[in-house]
Amino acid sequence: MRIAPLSLLISVSLLATSAFAQDTATVTGIESEISKKQAEYDNSTLILEKHLKEESQLQKQLELLRARSTELDKEKNQALDAMNEMYRRLIDDPTLDISNAQSRYQKAVVDHKQNKDDISMQLAAIASHRKDIEQIRVSKHTQLNTLESLKEQLATARVERLRNEFTREGTLEVNHTINCKRTETLAACEQRGQQMGLQKATKRFVDQIFANLTEERLVEPKRNLAGAQVKILSSHVVNSAFSGQGNYNVNLSVTMRGDVNSSRLCSLLNLDNRFCADYGTPLAGNFQPSYGTTYSDSQLTFSDSQDNGQVVSVSRMSEQPVSDYSVKKPIKVEPLPDLKKSKMVELTLRSNVYDDEVFIDGVSYGATRLTTSLPKGFHDIEIRKRGYKSYKARIDLRKAQTINANLVKVPEPVVAEVTAAPEQPVTTPVASIVNKTSSASIVVIPAGKFKMGDINGNGLANERPVVEKTIANSFAMQSKEVSVGEYEQFVANTGYKTEAEKDRGCAYYLNGEPVWEATLNWRNPGFDQESDFPAVCLTYNDAKAYADWLSGQTGQLFRLPNEVEWEYAARAGKETEYPWGNEIGKNLANCGWCGSEWSNKSAAPTGSFSPNAFGLYDTVGNVWEWTNKKSGQSDVAVRGGAWNFAPSLARVSTRLILAPDFRANYIGFRLVRER
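Comments concerning the overall build of the protein
Along the protein, the regular secondary structure elements total nine helices and 27 strands. The buried share among the 675 residues of the protein stands at 49%. Contacts spanning at least 24 positions in sequence make up 69% of the contacts within the protein whose residues lie at least 6 apart. In the form shown here, the protein has an accessible surface area of approximately 32400 Å², with 49% of it arising from carbon and sulfur atoms.

Examining helix H9 (residues 563-571)
Most of H9 is tucked away, with eight of its nine residues classed as buried. Every buried residue of H9 is listed here: Glu 563, Glu 565, Trp 566, Glu 567, Tyr 568, Ala 569, Ala 570 and Arg 571. The backbone nitrogen of Val 564 has a side-chain oxygen 3.1 Å away, supplied by the residue at the start of H9, namely Asn 562. Ala 572 lies just past H9 and shows a positive phi near 50 degrees.

Digging into the nonpolar core
Core analysis: the biggest nonpolar cluster contains 51 residues, and Tyr 487, Tyr 546, Trp 624, Trp 626, Tyr 666, Ile 667 and Phe 669 have the highest contact counts within it. Taken together, the elements giving at least two residues each to this core come down to helix H2 (99-166), helix H6 (484-494), strand E20 (506-510), helix H8 (540-554), strand E23 (624-626), strand E24 (636-639) and strand E25 (655-658). If you tally residues by element for this core, the top one is H8, at seven residues. Apart from the residues lying within four places of it in its own chain, the contact partners of Tyr 487 are Val 482, Tyr 496, Thr 498, Trp 522, Ala 535, Leu 538, Asp 542, Tyr 546 and Phe 669.

Regarding the pairing of strand E3 (residues 247-259)
Across the 13 residues of E3, eleven count as buried, placing the element largely inside the fold. Sheet analysis places strand E1 (residues 169-179) next to E3, joined by eleven bridges and oriented antiparallel. Bridge assignment links Asn 179 to a residue of E3, and that residue is Asn 247. Of the strand pairs in this sheet, strand E2 (residues 229-242) and E3 are connected by twelve bridges, and their pairing is antiparallel. Within E3, the residue paired with His 236 across the bridge is Ser 253.

Re the pattern of salt bridges
Taken as a whole and judged by the stated rule, the model has 34 salt bridges. Between Lys 37 and Glu 40 there is a salt bridge, with the nearest N and O atoms lying 3.6 Å from each other. Residue Lys 37 and its partner Glu 40 are both found in helix H1 (residues 27-92); the two are separated by three residues, about one turn of the helix. Classification of Glu 40 by relative accessible area gives partly exposed; the value is 29%. Between Arg 223 and Asp 207 there is a salt bridge, with the nearest N and O atoms lying 2.4 Å from each other. A residue pair is termed long-range when its members are at least 10 positions apart, and Arg 223 in the loop between helix H4 (216-219) and E2 and Asp 207 in helix H3 (residues 186-211) qualify at 16 residues.

Examining the side chain of Arg 264
For Arg 264, the location among the structural elements is in the loop between E3 and helix H5 (265-268). At a separation of 3.3 Å, a polar atom in the side chain of Arg 264 contacts the main-chain carbonyl oxygen of Leu 225.

Overview of the packing of H6 against H8
Where H6 contacts H8, the axes come no closer than 10 Å and their chain directions differ by 75 degrees. If you check the angle between H6 and H8, you find them roughly perpendicular. Together, Glu 486, Tyr 487, Gln 489, Phe 490, Asn 493 and Thr 494 of H6 and Asp 542, Ala 545, Tyr 546, Trp 549 and Gln 553 of H8 make up the contact between the two elements. Among the residues forming the contact of H6 with H8, the class breakdown is five nonpolar, four polar and two charged.

Describing the sheet that holds strand E26 (residues 667-668)
With mixed pairing, the four strands of this open sheet are ordered in space as E25-E24-E23-E26. Unpaired on one side and paired on the other, E25 and E26 mark the two borders of the sheet. Here E24 pairs with E25 via four bridges, running antiparallel. Within the sheet, the bridge partner assigned to Val 636 lies in E25 and is Leu 658. Here H9 sits on the sheet and contacts E23, E24 and E25; the angle it forms with E24, its principal contact strand, is near 10 degrees.

Observations concerning the packing of aromatic side chains
Any two aromatic rings considered together are summarised by their centre-to-centre distance and by the angle between their planes. Considering all chains together, one arrives at 22 aromatic pairs under this definition. With 5.7 Å between their ring centres and 90 degrees between their planes, Phe 490 and Tyr 546 make a pair best called edge-to-face. Of this pair, Phe 490 sits in helix H6 while Tyr 546 sits in helix H8; the two residues are 56 residues apart in sequence, bridging distant segments of the chain. For the pair Phe 490 and Tyr 546, a shared accessibility class is recorded, and that class is buried. Consider the rings of Tyr 568 and Phe 614, whose centres lie 5.9 Å apart with planes at 50 degrees: the pair is tilted. Residue Tyr 568 is located in helix H9, and its partner Phe 614 is located in the loop between H9 and E23; the two are separated by 46 residues in the primary sequence. Considered together, Tyr 568 and Phe 614 belong to a single accessibility category, that of buried residues. Among the aromatic residues, those joined into a cluster by ring pairs are Tyr 487, Phe 490, Tyr 496, Trp 522, Tyr 546, Trp 549 and Phe 669. Note that Arg 384 overlies the ring of Phe 359, its terminal NZ or CZ placed 3.9 Å from the centroid. One residue, Arg 504, lies across the ring of Trp 516, its end atom 3.8 Å from the ring centre.

Let's talk about the state of the cysteines
Within this structure, the stated rule accounts for four disulfides. A sulfur-sulfur distance of 2.1 Å marks the disulfide that ties Cys 266 to Cys 276. Given an S-S torsion of about 115 degrees, the disulfide between Cys 266 and Cys 276 has right-handed geometry. Taken as a pair, Cys 266 in helix H5 and Cys 276 in the loop between H5 and strand E4 (302-303) lie far apart in primary sequence, ten residues in all. For the residue pair Cys 266 and Cys 276, the accessibility class agrees, reading buried in each case. What links to what in the protein: the bonded cysteines, counted in sequence order, pair as 1-2, 3-4, 5-6, 7-8.

Notes on the packing of H1 against H2
It is at 6 Å that the axes of H1 and H2 come closest, and there the two elements cross at 165 degrees. The angle between H1 and H2 falls in the class roughly antiparallel. As H1 runs across H2, the sense of the crossing is left-handed. The residue inventory of the contact of H1 with H2, partitioned by class, reads 32 nonpolar, 16 polar and 21 charged.

Re the sheet that holds strand E6 (residues 344-351)
Within a sheet, neighbouring strands are paired by backbone hydrogen bonds and run either parallel or antiparallel to one another. The sheet built from three strands is open, its strands ordered E9-E6-E13 with mixed pairing. Whereas interior strands pair on both sides, the edge strands pair on one side only; in this sheet they are strand E9 (370-375) and strand E13 (401-405). Neighbouring strand axes in the sheet, compared pairwise and without regard to direction, differ in orientation by 25 degrees on average.

Quick look at the environment of Arg 655
By the secondary structure assignment, Arg 655 is in strand E25. As for Arg 655 and Glu 563, which are separated by 92 residues in sequence, their C-alpha atoms are 9.1 Å apart. What Arg 655 contacts, discounting residues up to four positions off in sequence, is Leu 460, Asn 462, Glu 463, Glu 563, Ala 637, Val 638 and Arg 639. For Arg 655, the side chain forms a polar contact with the main-chain oxygen of Asn 462, separated by 3.0 Å. A distance of 2.7 Å separates a polar atom in the side chain of Arg 655 from a polar atom in the side chain of Glu 563.

Parameters at a glance
Residues numbered from 1 in each chain as written. Predicted model: local features only at pLDDT ≥ 70, side-chain atom pairs only at ≥ 80, totals over all residues. Heavy atoms only, no water. Helix = DSSP H or I, 4+ residues; strand = E, 2+ residues; numbered from the N terminus. Buried < 20%, exposed > 50% of the residue type's maximum accessible area, 1.4 Å probe, protein only. Contact = heavy atoms within 4.5 Å. Areas by Shrake-Rupley, 256 points an atom, 1.4 Å probe, with all protein chains shown as cover. Polar contact = N/O pair within 3.5 Å; in protein donor to acceptor, adjacent residues only side chain to side chain. Core = buried A, V, L, I, M, F, W, Y, C linked by side-chain atoms within 4.5 Å. Pairing = 2+ DSSP bridges. Salt bridge = Lys/Arg side-chain N within 4 Å of Asp/Glu carboxyl O. Axes fitted to C-alpha atoms, helices over the stretch in contact; angles between N-to-C directions. Parallel < 35°, antiparallel > 145°, perpendicular 65-115°, else oblique. Nonpolar A, V, L, I, M, F, W, Y, C, P; charged D, E, K, R; others polar. Phe/Tyr/Trp six-rings, centres within 6.5 Å; stacked < 30°, edge-to-face > 60°. Lys NZ or Arg CZ within 6 Å of the ring centre and 35° of its normal. Disulfide = S-S within 2.5 Å. Left-handed = near helix turned anticlockwise from the far one by under 90°.

Below is the structure:
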């Protein structure tokens, strides 16, 4: 049975069929939904804080009741002793009044019983309050994931809107006057005047495009990086005339369509390049500029025509003539003479890998296959993919050219088998790996210091403040999350029943909310899995039970990592959000909208992506991982993100707090081995 992946609670008008569900979404609609979800999240935060304060008060009251219980128990014993003493004296003196002693004892018994009842009621109130807190926390996590997912959609919608605005079509009417040279014929003067009129039209067309961009303030300072172009679809002379002073005046009507280097849109909007990798249908929306029906130098009319046209590269065009210019249709009835051929040359790049990234002269152009036009001359080409040796070349581009790059996979470090001898302190960041009874490899993490928390300022409140932590001794950690096959060995050996199998099943996401399904458990998590997939639908206690069993099997102590150990190991000496940098990139991990084949569908086989510098796999995405809770803590933190959670929640410092008995098909674990 396959459970539907996370889908957002947004209106039908915002839903779409593209990878990021953005084809029919509008920026304003998504921004409105983000505002709504942010308000819900903020309200949940306030409610949670209120409940936590109330729980703290209840706990204090419980402590007072327990302290009073000791006092009342002492009073009851003293009253009983006093009453027994009075009974002994009554034997010698039958007239002795013992009513006061009896009343004292009776009151002590009643008070003691009432206090016990109060303690029971207080414990019940705390338990009920804990359930409310757990529910609010899960709801907050859902709201947070929805909110971050909407931000993903917003980024895609902004790119689509900008691309759509750059590629508008319009008709522009311009006037241009030149002085004919004494040495040129009237026909040559006419031709030159019309050429310069076309150049003037293209400049003003581009100026109009930039002036009417919705995010003009953000994009305009980077205008020279936009790679903006103009396609001339048609042109004709409205009227023209020579003056007696040797001047030529022409009035041109030019129909043009804009174009842009799509790979640069993300740079213009300060977004991760992954949002420019794929494009759906251009957005339709009310953000289109409104123009009148009179066409002048300051007005354009836009249409949705997709006729092919000729391209004129434009950055900041001046009023001076440009030579690399061509016209599709004649300006007069008779055709214009051919102009100089464009100095732009077409370059096509291909590679043998998927989801690579192309850099030309240091600028990202997206992934292969890529076809682009570049100026003639020398260019530096680089094609990168994580886990592969980059392809680099310097070419002299003189004519249309195709490059087929072959990227070679970088071999993984040699695995060294280590005996059971005591581990020596590790002084190098390169991890040593040992194979024990468990099939999972063990990576030795070196001692060191690191900054823990929201170093880059992109995190949640519970990631702050940033604190420097010291790992005094090296420790060993499983390089991969515990797999289905490994957990099956434990169950087969012990007959253990997980909490999901005992009661209520396991949670999964449906329409943006965690839903409990009684039939779901680690064997059947709601998506197809093999033995090398991470074991999920397991509670904190289920993970600890496995750790206890593995400790008994190996004779070494295995346990869940604490949060300091987990983050130190996951950072692997880096202060960036992810092992490879501050952007999630594409197909580098299995998280929601991360571009992998499993994203928003299911967990991935453990170790499907490159390890970090310490040799740990899947510290970004795949499944959240349980960490060890401190003594006295009620809740537990999970770390690392998951296949159906937004990339921003897969950062190395992200923390989600859950009840120990919560289980879902996006939560698993890995263990550390103590020295």
